[in-house]
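Coordinate inspection notes
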Amino acid sequence: MIRDARPDDREAIVAVTAAAFDNEAGAMRIIREVDPEVSLVWVESGRIVGHVMLSRMRLGDRRPFQLSPLSVAPEAQGRGIGSALTRAAVERADRAGEAFVLLLGHPGYYPRFGFEPAAPLGILPPRDFGDAWMLIRLSAWDPSIRGVVEFPPAFG
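Counting buried positions over the 10 residues of strand S3 (residues 47–56) gives 9, a clear majority of the element. In textbook terms, the turn of a hairpin is the stretch between consecutive antiparallel strands, and for strand S2 (residues 38–44) and S3 this stretch comprises 2 residues, one of which, serine 45, has a positive phi near 50°. Examined bridge by bridge, S3 and strand S4 (residues 65–72) share 6 bridges and lie antiparallel to one another. The partner of histidine 51 across the bridge, within S4, is serine 71.

Considered for burial, the residues of helix H1 (residues 10–20) that qualify are Ile13, Val14, Val16, Thr17 and Ala18. Buried positions along H1 lie against helix H2 (25–33), S2, S3 and S4. Just beyond H1, the residue with positive phi is aspartate 22, at close to 50°.

The rules behind each value
Residues numbered from 1 in each chain as written. Predicted model: local features only at pLDDT ≥ 70, side-chain atom pairs only at ≥ 80, totals over all residues. Heavy atoms only, no water. Buried < 20%, exposed > 50% of the residue type's maximum accessible area, 1.4 Å probe, protein only. Helix = DSSP H or I, 4+ residues; strand = E, 2+ residues; numbered from the N terminus. Pairing = 2+ DSSP bridges. Contact = heavy atoms within 4.5 Å.

Structure representation (structure tokens):
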């Protein structure tokens, strides 16, 4: 079951992220230091086994969403939890009137949801990430939006 994260979920979210990313420093810094605007959890038998968040970046005067991190406990992976959380987060951004959602992620995973390389569309990262720098166009997509994105400091 997907629901909005609550303040008392914090420790469980950190634990799921630590397990999913094997305590990778970047993911742990983001989950501990970035205040998400959207934070969704997957709960099974009263236990959080998945999490996704959308936080804001800067693109000139705009503040687009970035999806990161997406975490699923290792024992719960491969069952569609990450897919469901990704779709729910993207749907939430679309309903909020966002033009797109950005992410820095695995180019073999995220295209199944509609993510595509962002640089050819004029949305550039602060440094080259190749095809791992992606976005998904939402209902309010405007091809005239272009520029270089600034990550929040916690993203390193």
